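Architecture and fold: a report
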Amino acid sequence: MSVSKMIDHALLHPTLTDAELEAGCRLAIQYDVASVCIKPYAVKKAAEWLSGSSVLVCTVIGFPHGSPSTQVKVAETIQACEEGATEIDMVVNIGKVLSEDWAYIKSEIQAIQDVCVIHGAILKVIFENDFLPRDSYKIKLCEICTEVGVAFVKTSTGFGYVKNSTGAFESQGATEHDLRLMLDHIGPTVAVKASGGIRTLEQVLKLKAMGVQRIGTSSTESILNE
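Presented here is a report on the structure given in the accompanying data block. (Residues numbered from 1 in each chain as written. Predicted model: local features only at pLDDT ≥ 70, side-chain atom pairs only at ≥ 80, totals over all residues. Heavy atoms only, no water.)

Bringing the sheet that holds strand S4 (residues 87–91) into the picture now. The pairing of strands in a sheet happens through backbone hydrogen bonds and is either parallel or antiparallel. Read around the closed barrel, the eight strands follow the order S1-S2-S3-S4-S5-S6-S9-S10; overall the barrel is parallel. Sheet twist, expressed as the average angle between the axes of neighbouring strands with direction ignored, equals 25 degrees. Where strand S1 (residues 7–11) lies against strand S2 (residues 35–38), four bridges are found, and the strand directions are parallel. Bridge pairing in S2 places Asp8 opposite Ser35. (Pairing = 2+ DSSP bridges. Helix = DSSP H or I, 4+ residues; strand = E, 2+ residues; numbered from the N terminus. Axes fitted to C-alpha atoms, helices over the stretch in contact; angles between N-to-C directions.)

Here it is, written out as structure tokens:
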């Protein structure tokens, strides 16, 4: 797989304007990436902008904190698929993960997966690892995602900031420890997407060598120009 076809070009920052979203889609076509992961309201326009290219339309559900009800996430997913999204990146309900309400988590992931299957889309489940202090949470999520049959497990939204001891907010994003853990605990039909803090070609090549199949980044142009 080429480096470009590993990349989901992220167009998710709240401040991005419509003109910037369109320019981001043009850039994605120029570099022939795997997909554009775009803000949900712009899915329909992204499908138009990317029409005729091999770049897929991806969007996010329950983003960035995973807190909407399952019914709302299902409705978001249906609308996204109907408007042209073929890849869905859904944030788990982080409070439910920390509560270890695994029946809820599995039911929600299954509900979104069912919608994706009906519409011919694939599902990537975002753990937001910065918010999960124990490896056991991540391992259990990998097991549930394997049971449900999702396409990818994903490290982070890129917006999961945790307050440190000084009171400042920081995000670790896609760490080598977490990626190895996820690779070790998914089944053979599930892949790993690394997202959060990936800005260099060196990082991408290292992740590729580890077995990571997809990268989420807004630094597409600088990475591929390297």
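Right, picking up where we left off after that structure.
Attention now goes to unusual backbone geometry. Residue Pro64 is bonded to the preceding Phe63 through a cis peptide linkage, with omega at 5 degrees. One can find Pro64 in the loop between strand S3 (56–61) and helix H3 (70–82). Despite not being glycine, Asp32 shows a phi value in the positive range, around 55 degrees. Positioned with a positive phi, Glu100 is a non-glycine residue whose angle comes to about 60 degrees.

This next bit is on helix H8 (residues 201–210). Turning to H8, its buried residues are Leu201, Val204, Leu207 and Met210. Contacts from the buried residues of H8 go to helix H7 (176–185), strand S9 (191–195), strand S10 (214–217) and helix H9 (220–225). Directly after H8, the chain includes Gly211, whose backbone phi takes a positive value near 115 degrees. (Buried < 20%, exposed > 50% of the residue type's maximum accessible area, 1.4 Å probe, protein only. Contact = heavy atoms within 4.5 Å.)

It is worth spelling out the layout of surface pockets at this point. Size it by volume and the largest pocket reaches roughly 590 Å³. What lines the largest pocket is a set of 31 residues, and nearest its centre among them are Ala10, Gly158, Phe159, Thr217 and Ser218. Broken down by secondary-structure element, the contributors of at least two residues to the lining of the largest pocket are S1, helix H1 (18–31), S9, S10 and H9. Here the lining of the largest pocket is built from residues that sort into nine nonpolar, 16 polar and six charged. (1 Å grid on protein atoms, 1.4 Å probe; cavity = no way out; pocket = protein on both sides within 12 Å on 5 of 7 lines; lining within 4 Å. Points joined across faces, edges and corners; volume = space filled by probe spheres on them. Nonpolar A, V, L, I, M, F, W, Y, C, P; charged D, E, K, R; others polar.)

Taken N-terminus to C-terminus, the directions of H7 and H8 make an angle of 25 degrees; their axes are 11 Å apart at the nearest point. Taken together, the axes of H7 and H8 lie roughly parallel to each other. Here H7 runs over H8; the crossing is right-handed. Residues Glu176, Leu179, Arg180 and Leu183 of H7 form the contact with H8, whose participating residues are Lys206, Leu207 and Met210. Within the contact of H7 with H8, the residues separate by chemical class into four nonpolar, no polar and three charged. (Parallel < 35°, antiparallel > 145°, perpendicular 65-115°, else oblique. Left-handed = near helix turned anticlockwise from the far one by under 90°.)

All right, on to the pairing of S9 then. The buried count for S9 comes to five of five residues, which makes it a mostly enclosed element. What you see with S9 is no split at all: Ala191, Lys193 and Ser195 on one side and Val192 and Ala194 on the other are buried throughout. For S9 and S10, the ladder comprises three bridges, and the chain directions are parallel. For Ala194, the partnering residue across the bridge sits in S10 and is Ile215.

To continue, consider the pattern of salt bridges. On inspection of all chains with the given rule, the structure shows 19 salt bridges. Among the salt bridges present, the one from Lys206 reaches Glu176, with a minimum N-O distance of 3.0 Å. With a gap of 30 residues between them, Lys206 in helix H8 and Glu176 in helix H7 connect regions that are remote in the sequence. Relative accessible area serves as the criterion here: at 48%, Lys206 is assigned to the partly exposed category. A single network of salt bridges, built from pairs that share partners, joins Asp8, Glu87, Asp89, Lys124, Lys154, Lys193 and Arg214. (Salt bridge = Lys/Arg side-chain N within 4 Å of Asp/Glu carboxyl O.)

Once that is clear, we can look at the environment of Gly187. Among the secondary structure elements, Gly187 is positioned in the loop between H7 and S9. Note: C-alpha distance between Gly187 and Cys142 (45 residues apart in sequence) is 8.2 Å.

Another point: the environment of Cys37. Here Cys37 lies in strand S2. Placed 67 residues apart in sequence, Cys37 and Tyr104 show a C-alpha to C-alpha distance of 26 Å. Setting aside anything within four residues of it in sequence, one finds Cys37 in contact with His9, Ala10, Leu11, Leu12, Cys58, Thr59, Val60 and Asp89.

Of all five residues in S1, five are buried, a share of seventy percent or more. Judged by which residues are buried, S1 turns out to be covered on both faces: Ile7, His9 and Leu11 on one side and Asp8 and Ala10 on the other are all buried. Where S1 lies against S10, three bridges are found, and the strand directions are parallel. Looking across to S10, one finds that His9 is bridged to Thr217.

So far we have only geometry, and geometry alone does not tell us how the molecule works.
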